[in-house]
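What follows is each chain in one-letter form.
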Amino acid sequence: GGIDSTLVCGVMSQLTTKLRSFTIGFEQTIYDESTLARKIAGHYGAEFETVDCTSEKLADNFEKTVHHVEQPLLNPNSIAKLILSKLVRDRGYKVCLTGEGADEMFGGYPYFKQELLWEMAKSGEPDDVALSQSLLKKFYQIEKRSEGSHWSRDIKGRGPLPSYLKRANFYYLRMSGSKGFINKLFRRDFLKTTTVKSPLEYFEKTFDTAALAPLESFNATRLMTYQFLSQYVFPCVGDRVDMANSIETRVPFLDPELVEFVNQIPTKHFINIQELKEKNLLRVGFRDLLPRFMDDEYKHPFMSPNWYRLSRTSTGRQLFPELLSTRLVREVGVFRPVAVSIATFLWKTLPQGTTLWRKVDTAIGQVLSIHLLYRNMLQRPDAGDRDFRLVDQTPAASRA
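Just so it is clear, the model here is predicted, and its values are computed rather than measured.

Details of the side chain of serine 21
1) Next: In this fold, serine 21 is placed in strand E1 (residues 20-25).
2) Next: Here serine 21 is in contact with Ala41, Ala46, Glu47, Phe48 and Glu49, once residues within four sequence places are set aside.

In structure tokens form, the structure reads like this:
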């Protein structure tokens, strides 16, 4: 349903008449883009199929997804991608093309626009300040689906910045304001075992601040986004969930020559902030290929219904209480028992959709994932065999 996969489909339609496309449906929720995806496929003459990822189906595949991803999940979208890759494999395909990488390269995430709006608001020019306030209200409406993950209304873009950043940066501000939350959620003795002592310290160790310093603000954010592409996007909604079903997904937007070329384009061409349109470069450059009805569409990050919806399923009602139990919290030793208890209470009682509730739901997902990793990979007696001998069976000639 997004411009990235639309362009991949459009270019492929020029190369073949036997085009097959697949997408994910989410029970007619605000995260569902299957209707638009079907319309796009029809425009290009592509055969189309949707896999409907109900909350029950997502909950049923939660354990399998964590097993293959081997890291905490922020959103159940990873589960949906695993279900989709199984459908593709069941249909007899082994390789497919996806749109990953375009958001990172062309400034597709909402925080790119939020940073520009912060800059306008701080300009001191009355017209710019008034326009930024008007645009910010519209931004809140069109980006509601990804609030709390790809932008936050709690972060205002104010406060002192380090010398290596030229303007307010979403990642920096979120991490610099997360220390209190981290200290409340995680056990102190567990935090002492980590190599960094705060999210901000992690930020400054993860990113080369000397490399960030000379960059334009847009490019600095883009460099950070590339880092998270490899750390989270590819493992959780790409390679690992696809290869779990023996599907190889290829990413044409990350072709090295294309990346090198795009990185030389002036940043003013990437976002039309007046219309809050992201990836403006793609919209203009491929105007003749894109369907006209895509002109009014905004980027919506690939996300799925929340963890609470999964907790209301038959699998969720059986599995989640165990994973959130005080007994297991104490046994695993990562989270503070009182913090998990409070988070679970707020999760069940706060109005859904509020900023705080979204943060709690994301935190619950991490607790569930980490406890599942512990239970299924560390606690199981058959998880490893100490007497198992690794034998190198490579022919001697090959080793030489």
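Further notes follow.
Concerning the confidence of the model for the protein
1) Next: Here the protein averages 90 in pLDDT, while 95% of its residues score no lower than 70.
2) Next: The least confident element of the protein is helix H23 (residues 396-399), whose mean pLDDT is 57; the most confident is helix H21 (residues 337-349), at 97.

Remarks on the nonpolar core
1) Next: With 58 residues, the main nonpolar core has Phe106, Phe203 and Phe253 as its most contacted residues.
2) Next: Elements with a contribution of two residues or more to this core: helix H1 (3-13), helix H2 (34-44), helix H6 (102-106), helix H7 (110-121), helix H8 (126-142), helix H9 (170-176), helix H14 (217-237) and helix H16 (256-262).
3) Next: The biggest single contributor to this core is H14, with 7 residues.
4) Next: Among all residues touching phenylalanine 106, those that are not within four sequence positions of it are Phe218, Phe253, Val262, Phe270, Lys279, Leu281 and Leu282.
5) Next: Formed by 52 residues, the second largest nonpolar core is a distinct cluster that contains Tyr31, Val88, Leu324 and Leu328.

Focus on the packing of aromatic side chains
1) Next: In the structure shown here, the tally under the stated rule is 24 aromatic pairs.
2) Next: Measuring from ring centre to ring centre gives 4.9 Å for phenylalanine 203 and phenylalanine 207, while their planes differ by 65°; the resulting arrangement is edge-to-face.
3) Next: Judged by relative accessible area, which is 0%, phenylalanine 203 ranks as buried.
4) Next: Positioned above the aromatic ring of phenylalanine 293 is the side chain of lysine 39, whose terminal nitrogen or guanidinium carbon lies 4.3 Å from the ring centre.
5) Next: The ring of phenylalanine 270 carries the charged tip of arginine 222 above its face, separated from the ring centre by 4.8 Å.

How each quantity is defined
Residues numbered from 1 in each chain as written. Predicted model: local features only at pLDDT ≥ 70, side-chain atom pairs only at ≥ 80, totals over all residues. Heavy atoms only, no water. Helix = DSSP H or I, 4+ residues; strand = E, 2+ residues; numbered from the N terminus. Contact = heavy atoms within 4.5 Å. pLDDT = per-residue confidence, 0-100. Core = buried A, V, L, I, M, F, W, Y, C linked by side-chain atoms within 4.5 Å. Buried < 20%, exposed > 50% of the residue type's maximum accessible area, 1.4 Å probe, protein only. Phe/Tyr/Trp six-rings, centres within 6.5 Å; stacked < 30°, edge-to-face > 60°. Lys NZ or Arg CZ within 6 Å of the ring centre and 35° of its normal.

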